[in-house]
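The chain contents come next:
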Amino acid sequence: MDLEKFGKHGVLFKPLVHTGKGFYLVVAILVLIIVWGGGAYIYQFTQGLGVTGLSLPVPWGVYIINFIFFIAIGFGGTLTSAILRIFNAEWRTPITRAAELMTVCGVVIGTINVIFALAKPQRFLNLFLHPRIQSPLIWDVIAIGSYLILSLIYLYLPMIPDIATLRDAFPKRRRLYGFLALGWTGSPKQKRLLERLIDLLAVLMLPTAVVVHSVLAWIFGMTIRPMWHSTIFGPYFIMGAIFSGIGALLFVMVILRRVLHLEEYLQPLHFNNMGLLLLIMALTWLYFTIAEYLTVFYGNEHSEMIVFWAKMRGEFAPYFWGQVLTCLVIPLALLISRRTRTIMGTVIAGVSVVIGMWLERFLIVVPTLARPILSYPIPTYRPNWVEWSVMAACTAAIALVFVLFAKFFPIVSVWELEEEHEKAATVKGKATPEAV
Amino acid sequence: MPRWGMVIDLDKCTACQACTVACLAENNVPIVGPEESLRHRAISWHYVLADVEGEYPHLRARFIPRPCFHCENPPCVKVCPVGATYVDEEGLVLVNYDRCIGCKYCVTSCPYGVRYVNWLHYHWPEPMEQYLNPEVPLRPEGVVEKCTFCIHRLERAKQEAADQGRELTDADLVLLTACNQACPASARYFGDLDDPESTVSRLARSPRAFRLFEDLGTEPRVYYLAEEKS
């Protein structure tokens, strides 16, 4: 099929028309990983949660860490598309759709991890049949449920005009695209309505995301365990979510750029701007971390100090200092200077932050549990192959969604790009005669 | 309405662990086996903690028997998302094994570590499955379980008293739970904390009485007696 009929952004439709060997190879590898992880979970489901590395007093591990981690990754999507939309930052346009997809993937995969963490998963419907609103976990069910619905609509709405283009271009896939396009004709009335709806959703998404990450934090904050019972946890989680989300988005951007040849759309400018955002968040992370740990250190409360030292120089020290390296040292080294704030530099910093924020979630969940205030024999929590396999499958599932999504829909919002070009053209056209 | 509580005299306790063993047998506590035990999966509703203070050679060690404290303000009940763990009319903190989804939030929020998880499907080696206590339900794999203050014995005692047309007396209650009954040092007492005449309420008011981590505000219903408090 000829790409020219899609207009000057034809290259964006290339993956929908041409399917190379690479695509099948990637899909096959991802499906294999997912099948492997799925098998590991079936084994866990039939035998019991005991096949994982969990034990007492650390009954929460990789699954709860991933629950927070993946949902937090999604915040990068909300931030880039909703905040930047509200502030009308034009440079966001080529990234928004991938960002919104990342939000949906993060929320879905994160939520599934809660079910993995249940020791009696076949009863998870009790969360809806017998909810106790006083429990922070039910706050999560409500907040994440709303967030998931909003983010799905927020991903879908801006796709409608592009889907309509596809409906007209692919008569064979009319059933799929025709249904999803909802009779879009591109009339000014439809456009106005769509834009107003998108703006409304952007405004709704932000407070919802803030609530989601706060109640995630409050799962820990509402208990009376040392270094969990802290008022800073809500803001700390929100900030951490934005931080890791931007890091993950940078990684997604560079892959899309390479694989789909979007060099023209995802330019060094975008990586530079996202890199600057990441730099700001790295410094904010430093501030929050100092605020948390210094307060605990000066308070010098016995049970809190046991956890504090376990993180600083005990068995969890590699995680703590690894987190300082990946969340602070590497990003600062790469992002401060314009010389290293290149595409490669920002992406390395982004990936480093994602790893670092996983370590931070580990440091939030595990050390407090591993240091109960009563003197039990203390085991170290070591995730085993079941948990790692399920985690690999979760990551592969997100990758697979991106690969398949890019096969059926343009991963860059074409109509918004066109609109921007038109706007730019009219501004230029008006400006020139006046100048003369 | 009674308010059930327990008093444990640390100065009398010899840490013989008879309480722990009696509890395991009484409550059909699953036997997890040596392998699982090494992985810290052992279930023990009652546990004897070793509390060591100071550094060699100036050590001070003592043992603290720990049942569930059945707190007045239980952190575990507050966080349960499905109402599987609850406080009954007489103040006992119990688990509805048919409701529990195994999220383990209660396990992480209990500051005393009294809650245990059925990590796998545990079974009793032959011929031990013949000795299960018919009064205590077996727990399915995946749910959380903990000390019930031997609620089945309590119910039976109430029934017996009612059959004889009398009120429950302090004498019926003091050694009611399996752990108390097994204690060779008579270091443990059970009863109604709201009855000013009861043994537990008298002992709980003694100057030797204290509770663990009172500053947490959980208001445990288990009191310890010791000349030297920690």
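The structure under discussion appears in the preceding block.
Rules used in this analysis
- Residues numbered from 1 in each chain as written.
- Chains lettered and ligands numbered in written order.
- Predicted model: local features only at pLDDT ≥ 70, side-chain atom pairs only at ≥ 80, totals over all residues.
- Helix = DSSP H or I, 4+ residues; strand = E, 2+ residues; numbered from the N terminus.
- Rg over C-alpha atoms; globule rule 2.2 N^0.38 Å.
- Buried ≥ 20, exposed ≤ 12 C-beta atoms within 10 Å, placed from the backbone.
- Contact = placed C-beta atoms within 7 Å.
- Pairing = 2+ DSSP bridges.
- Nonpolar A, V, L, I, M, F, W, Y, C, P; charged D, E, K, R; others polar.

Moving on, we get to the overall build of chain B. When its secondary structure is counted, chain B shows eight helices and 10 strands. Against the 2.2 N^0.38 benchmark of 17 Å for 230 residues, chain B shows a C-alpha radius of gyration of 18 Å, consistent with a compact globule. Taking the principal axes of its C-alpha atoms as reference, chain B extends roughly 60 × 45 × 40 Å. Across the 230 residues that make up chain B, the buried fraction comes to 43%. In chain B, once contacts between residues fewer than 6 apart in sequence are set aside, the share between residues at least 24 apart is 61%.

Attention shifts here to the sheet that holds strand 1 (residues 4–9) of chain B. What holds strands together in a sheet is hydrogen bonding between their backbones, with the strands either parallel or antiparallel. Residues and elements named next belong to chain B. The strand order across the open sheet built from four strands is 8-1-10-9, with neighbouring strands paired in mixed fashion. With one partner strand each, in any of the chains shown, strand 8 (188–192) and strand 9 (209–210) form the two edges of the open sheet. Where strand 1 lies against strand 10 (residues 222–225), four bridges are found, and the strand directions are parallel. When the bridges of strand 10 are listed, Val7 appears paired with Tyr223.

On to the interface of chain A and chain B, then. By a widespread convention, an interface's size corresponds to the accessible area lost as its parts come together. At the interface, 36 residues of chain A touch 36 residues of chain B. Listed by contribution, the elements that provide at least two residues to the side of chain A that touches chain B are helix 5 (126–129) and helix 6 (136–156) of chain A. For the side of chain A that touches chain B, the element with the highest residue contribution is helix 6 of chain A, accounting for three residues. Here the residues of the side of chain A that touches chain B are counted per class, giving 22 nonpolar, 10 polar and four charged.

A regular strand places its side chains on the two faces of the sheet in alternate fashion. Residue and element names in this part refer to chain B. Where strand 2 (residues 47–53) and strand 3 (residues 60–66) come together, seven bridges link them in antiparallel fashion. The partner of Val52 across the bridge, within strand 3, is Ala61. Hairpin connection from strand 2 to strand 3: six residues lie between these consecutive antiparallel strands, with Gly54 at a positive phi of about 85 degrees.

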